[in-house]
Amino acid sequence: MRHRLQCACLAPDGFSVDDVKVVANSIQIQLRSRQPSRTCPDCRRVSRRVQSRYVRRPADLPLSGRLVQLIIVAGWFWCDAVLCGRRIFCEQLDCDVLARYSRRTQRLETIVHHLGLALGGGPAAAFANRLMMPVSNDTLLRVVRRRIADRSDDLPVVGIDDFAFRRGQTYGTIVCDLERRRPVSLLPDRALDTSRSWLAQHPSISIVARDRGGGYGEAIAKALPDAEQVADR
Ligand SMILES: [Zn+2]
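Since this is a predicted model, take the numbers as computed values, not measurements.

Further remarks concern the side chain of His 202. Within the fold, His 202 resides in the loop between helix 4 (192-200) and strand 12 (207-210). Accessibility expressed as a relative area gives 3% for His 202, which makes it buried. Of note is the side chain of His 202, whose polar atom sits 2.7 Å from the backbone oxygen of Trp 198.

Written as structure tokens, this is what we have:
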């Protein structure tokens, strides 16, 4: 059975493809939302009256070795509700596809985020560029930080380790929730006082996994004397 690539499969959920162009070493995919109407964020009244259009041009996952840029035509809409104080409102795109003000789709940011966690700042940025996902070191670190929710609630089991902002030059500390398998904080350095202060603010921690180096062990012992330490290598 033969399968043809459908243009529609290039679009994130909720969007239709209007046009696809190859421009130099990139592919431009023009999209529009499949949502037939928009809802005023204040009064929840539905509107189809367009006041004006605007275009967003986020980067998306690469395709066949080329950069991909989405061209999303969105609109400003009139709100006709008599008692609503808002005259016009901006079309809100699905945050799971493209966050407000973001220059990258969420699916691209997810890959960048995982590269940042796995490799650290500089090497991850270099590797992302090789994968046709150009991103600066600073941007990559911003993506990692933005996605780390500094949770202060129930955190019984954590892991603590070095995180390379620039390998061989600048290191911070990453703390992960080992039960939910996700990072919870990125500390700016590896100083004992920094990690001790953060740990002391999270008394719910009862088990900490760390490497066999002495620094984190001392911080844990001072901040959480009752916590069990597990040296993982
Ligand atoms: Zn309204």
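Still to come is the rest of the account.
Moving on: the packing of aromatic side chains. According to the stated counting rule, one finds two aromatic pairs in the structure shown. Look at Phe 77 and Phe 89: their rings are 6.0 Å apart centre to centre, the planes differ by 20 degrees, and that puts the pair in the stacked class. A residue pair is termed long-range when its members are at least 10 positions apart, and Phe 77 in strand 7 (residues 66-78) and Phe 89 in strand 8 (residues 88-90) qualify at 12 residues. Each member of the pair, Phe 77 as well as Phe 89, is classed as buried. Measuring from centroid to centroid gives 5.4 Å for Phe 163 and Phe 165, while their planes differ by 75 degrees, and the two rings are edge-to-face. When sorted by exposure, Phe 163 lands in the same class as Phe 165, which is buried.

On to the domain arrangement of the protein, then. In terms of domains, the protein is made up of domain 1 (11-95), domain 2 (104-147) and domain 3 (149-231). With centres defined by C-alpha atoms, the gap from domain 2 to domain 3 works out at 22 Å. Listed as interface residues are 13 residues of domain 2 and, on the opposing side, nine residues of domain 3. The largest contributions to the domain 2 side of the interface with domain 3 come from Leu 117, Leu 141 and Arg 145, which together make up 40% of the buried area. One can count zero salt bridges joining domain 2 with domain 3.

Cut-offs and rules
- What you see as residue numbers is a count from 1 along each chain, following the sequence as written.
- Whole-chain, interface and lining totals are the exception, using all residues; otherwise, since this is a predicted model, local features are given only for residues with pLDDT of at least 70 and side-chain atom pairs are given and counted only at 80 or more.
- Excluded from the side-chain calculation are hydrogens and water; included are all heavy atoms of the structure.
- Strands are runs of DSSP state E lasting at least two residues, helices are runs of H or I lasting at least four, and both sets are numbered from the N terminus onward.
- Remark: exposure states derive from per-residue accessible area (1.4 Å probe, protein chains only) relative to the maximum for the residue type, with buried under 20%, exposed over 50%, and partly exposed in between.
- A 3.5 Å cut-off defines polar contacts: any pair of N or O atoms within that distance qualifies, except that in protein one atom must be a possible hydrogen donor and the other a possible acceptor, and neighbouring residues in sequence count only when both atoms are side-chain atoms.
- For Phe, Tyr and Trp, rings pair up if their centres lie within 6.5 Å, where Trp contributes its six-membered ring, and each pair is then called stacked (planes under 30 degrees apart), edge-to-face (over 60) or tilted (otherwise).
- For every domain, the bounds stem from an assignment made automatically or drawn from a database.
- Contact definition: two residues touch when any of their heavy atoms are within 4.5 Å.
- Summed over both partners, the accessible surface that disappears when two parts come together, traced with a 1.4 Å probe, is what is meant by buried area.
- Here a salt bridge means any side-chain nitrogen of Lys or Arg lying within 4 Å of a carboxyl oxygen belonging to Asp or Glu.

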